[in-house]
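Chain residues, written in single-letter form:
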Amino acid sequence: MTANATEREVAEVVRAITELGFRAHPMPGATRTAIGITGNKGEIDATRFENLPGVAEAIRVSKPYKLITLDLRPEKTVVRVCDAAIGGTELAIIAGPCAIESREQAFAVAERVQRSGARFFRGGAFKPRSSPYAFAGLGEDALKILAEVREAYGLKIVTEALDEAGIETIESYADVIQIGARSMQNFTLLRCAGRSRLPILLKRGLAATLEEWLLAAEYIMAEGNYQIVLCERGMRTFAQHTRSTLDLAAIPAVRRISHLPIIVDASHGTGKSYMVRPLARAGVAVGADGLMIEVHDHPELARSDGAQALTLDEYDEMIKEVRAIHAVIA
Ligand code: PEP
Ligand code: MN
C-alpha cells in the first residue's frame, strides 16, 4: 500500500482478496502496510489489485515462502511478550532447565535467571525423548510450576508443545509455545500453532535445510500467527565431538531472506556444557537476537540433558560475556 493509504483502503483490499477466495495477511510496517496473499493455487493476475485505491504496487513473490520474507516486510519483526521482546534492541535470553523436575529445582534456577536480567524462563513439561522409557516431563504439573515461576519472578514462560492438545493446555499457563526440532515438520502441529494466540518459537529440525525450516515458519504464518521466533539448535552431521553441529552461518543466511527474529540454542547445539559458553558468545557475535540456554542447579542430578546444562555460576559468567559482546556489536 502507499505510505498514506488509509485504514479503510487497506480494509477494502483485504475484502477484495477475501472475495476472490484467498487469504489476506495485512502487515503494518514502519512506513507502509504490505498485504500478503495466500491460498491461491496458481498465479493471480496482479492487475486485479493494482488499481484499487491506496495500492502502490502488486509484487509477485516467486520464492517458495512469501509471508516470512523481506519482500513482504522489509523491517525486522519484533516478537513482543507483554513488556519483553525478541528481535528488538535488547539481547533476549531464554534460560532454564531442560525439564521442570520439581518446584524447588524450578525456583532455584528461576531466581538466578531473573537476577541475571533475563526476561524468559524455559522448562519442558512435555518432553520429546528418543526412548519411550526416558523421563518425559511432569506434564501439566510442570505447567503449574511454570505459572508459579511467572507469578513469582515476572519471567515470561517458554515451553514445548508436542501435539495439538498440548498447545491448548500450554496456552493457559505459558507465554511462548516452543515447537521442537523433532516436530518441525509436524504439519498438523504447525497449522495448529498458527491458530494460537501465543508467539511460537520454532526450532530447526535435526536434518532440515534452511528452506524446509522457513517453510515450516510459513505454515504457522499462513494460518495468521505472525509472532514467530526461529531457533538454530544444531543439526545432525558426522561430527562426533558434539551432540549436534551448531550452524551459525544460518543466522546471516536467514537474515538475508526473512524478517523473523532468530536465536541460538547453544545447549542442544553442542550437547556439552564446556562448549556452551564459547558457542553462546559466537551466536551473539554473528548477530543472533537472543540465546536459549539450559541451566540446572544440580546438573549432575538432572533427569534430562544434564551433560549440557550450565551450573548457576557458569550461567552468570556466560551472561556477563554475551552482554559484553552484544554491547560491542549492537
Ligand atoms: C528442548 O529445547 O528442550 C528440546 C527438546 O530441544 P530440541 O527440540 O532442539 O531438541
Ligand atoms: Mn534439553
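The structure we're discussing is the one just above.
Residues numbered from 1 in each chain as written. Chains lettered and ligands numbered in written order. Predicted model: local features only at pLDDT ≥ 70, side-chain atom pairs only at ≥ 80, totals over all residues. Heavy atoms only, no water.

Some words on the overall build of the protein
Along its length, the protein carries ten helices and twelve strands. Over its C-alpha trace the protein gives a radius of gyration of 20 Å, about what one expects of a compact globule, namely 20 Å for 330 residues. Viewed in the frame of its principal axes, the protein has a C-alpha envelope of about 65 × 40 × 40 Å. Counting across all 330 residues of the protein, residues that qualify as buried make up 52%. Long-range pairs, those at least 24 residues apart, make up 68% of the contacts in the protein between residues at least 6 apart in sequence. The positive charge centre, built from 39 side chains, and the negative charge centre, built from 42, are 2 Å apart in the protein. (Helix = DSSP H or I, 4+ residues; strand = E, 2+ residues; numbered from the N terminus. Rg over C-alpha atoms; globule rule 2.2 N^0.38 Å. Buried < 20%, exposed > 50% of the residue type's maximum accessible area, 1.4 Å probe, protein only. Contact = heavy atoms within 4.5 Å. Lys, Arg positive; Asp, Glu negative; His and termini not counted. Charge placed at Lys NZ, Arg CZ, Asp CG, Glu CD.)

Regarding the packing of aromatic side chains
Taken as a whole and judged by the stated rule, the model has two aromatic pairs. The ring of Phe107 carries Arg103 above its face, with NZ or CZ at 4.4 Å from the centroid. Note that Arg303 overlies the ring of Phe135, its terminal NZ or CZ placed 3.9 Å from the centroid. (Phe/Tyr/Trp six-rings, centres within 6.5 Å; stacked < 30°, edge-to-face > 60°. Lys NZ or Arg CZ within 6 Å of the ring centre and 35° of its normal.)

Let's talk about the nonpolar core
Membership of the largest hydrophobic core comes to 72 residues, with the highest contact counts inside it found for Ile93, Phe121, Val149, Leu202, Leu230, Ile293 and Tyr315. Ranked by size, the runner-up nonpolar core spans 14 residues in total, among them Ala84, Ala92, Phe120 and Leu201. (Core = buried A, V, L, I, M, F, W, Y, C linked by side-chain atoms within 4.5 Å.)

Section: the pairing of strand S11 (residues 262-265)
Alternating residues of S11 divide into Ile262 and Val264 and Ile263 and Asp265, and every residue in both groups is buried. Relative to strand S12 (residues 290-294), S11 runs parallel, the two being bridged by three bridges. Within the sheet, the bridge partner assigned to Asp265 lies in S12 and is Met292. Of the crossover connections in this fold, the one passing from S11 over helix H9 (residues 273-285) to the parallel S12 is right-handed. (Pairing = 2+ DSSP bridges. Right-handed = clockwise from strand over helix to strand, strands pointing away.)

Topic: the site of ligand 1
Near ligand 1 the following residues occur: Arg122, Lys127, Pro128, Glu160, Gln178, Gly180, Ala181, Arg182, Lys203, Arg233, His268 and Glu294. Interatomic distance of 2.7 Å between a side-chain N/O atom of Lys127 and an oxygen atom of ligand 1. Residue Gln178 places a side-chain N or O atom 2.9 Å away from an oxygen atom belonging to ligand 1. Protein contacts shield 97% of the accessible area of ligand 1, which totals 290 Å² for the unbound molecule. Per-class residue counts for the shell around ligand 1 are two nonpolar, three polar and seven charged. (Near = heavy atom within 4 Å. Polar contact = N/O pair within 3.5 Å; in protein donor to acceptor, adjacent residues only side chain to side chain. Areas by Shrake-Rupley, 256 points an atom, 1.4 Å probe, with all protein chains shown as cover. Nonpolar A, V, L, I, M, F, W, Y, C, P; charged D, E, K, R; others polar.)

Observations concerning the coordination of the manganese ion (ligand 2)
Here the manganese ion (ligand 2) is held by the protein donor atoms Cys98 (SG), His268 (NE2), Glu294 (OE) and Asp305 (OD), which lie 2.0 to 2.4 Å from it. In the primary sequence, the donor residues of the manganese ion (ligand 2) line up as C-x169-H-x25-E-x10-D. Taken together, the positions of Cys98 in the loop between strand S5 (92-96) and helix H3 (103-115) and His268 in the loop between S11 and H9 put the pair 170 residues apart, joining distant regions of the chain. On the basis of relative accessibility, which here comes to 5%, the residue Cys98 falls in the buried class. (Donors = N, O, S within 2.8 Å, 3.2 Å for Na, K, Ca; no water.)

Some details on the environment of Glu212
Within the secondary structure, Glu212 sits in helix H7 (residues 210-222). Considered as a pair, Glu212 and Val14 are 198 residues apart in the sequence and their alpha carbons are 28 Å apart. Not counting residues up to four positions away in its chain, the partners in contact with Glu212 are Met184, Gln185 and Ala207.

Observations regarding the environment of Leu146
Looking at the secondary structure, you find Leu146 in helix H4 (residues 140-153). Judged by relative accessible area, Leu146 falls into the buried class, the value being 0%. With 25 residues separating them in the primary sequence, Leu146 and Phe121 have C-alpha atoms 8.4 Å apart. Beyond its immediate sequence surroundings of up to four residues, Leu146 is in contact with Ile100, Phe121, Gly123, Ile157 and Thr159.

Focus on the side chain of Arg122
Along the polypeptide, Arg122 turns up in strand S6 (residues 120-122). Taking the relative accessible area as the measure of exposure, Arg122 reaches 3% and is therefore buried. Here Cys98 takes part through its backbone oxygen, which lies 2.9 Å from a polar atom of the side chain of Arg122. Within polar-contact distance, the side chain of Arg122 engages the side chain of Glu294 at 3.3 Å. If near-sequence neighbours (up to four positions away) are discounted, Arg122 is found in contact with Ile94, Ala95, Gly96, Pro97, Cys98, Lys127, Val158, Gln178, His268, Met292, Ile293 and Glu294.

Things to note about the pattern of salt bridges
Scanning the entire structure with this criterion turns up 24 salt bridges. Arg115 is the partner of Glu111 in a salt bridge, and the nearest nitrogen-oxygen pair spans 3.1 Å. Here Glu111 pairs with Arg115, and both are found in helix H3, just four residues apart, close to one helical turn. On the basis of relative accessibility, which here comes to 57%, the residue Arg115 falls in the exposed class. The residue Arg277 makes a salt bridge to Glu321 at a minimum N-O spacing of 2.8 Å. One end of the pair, Arg277, is in helix H9; the other, Glu321, is in helix H10 (residues 312-329), with 44 residues separating them in the sequence. Each of Glu12, Arg15 and Glu19 takes part in salt bridges that share partners, so that together they form one network. (Salt bridge = Lys/Arg side-chain N within 4 Å of Asp/Glu carboxyl O.)

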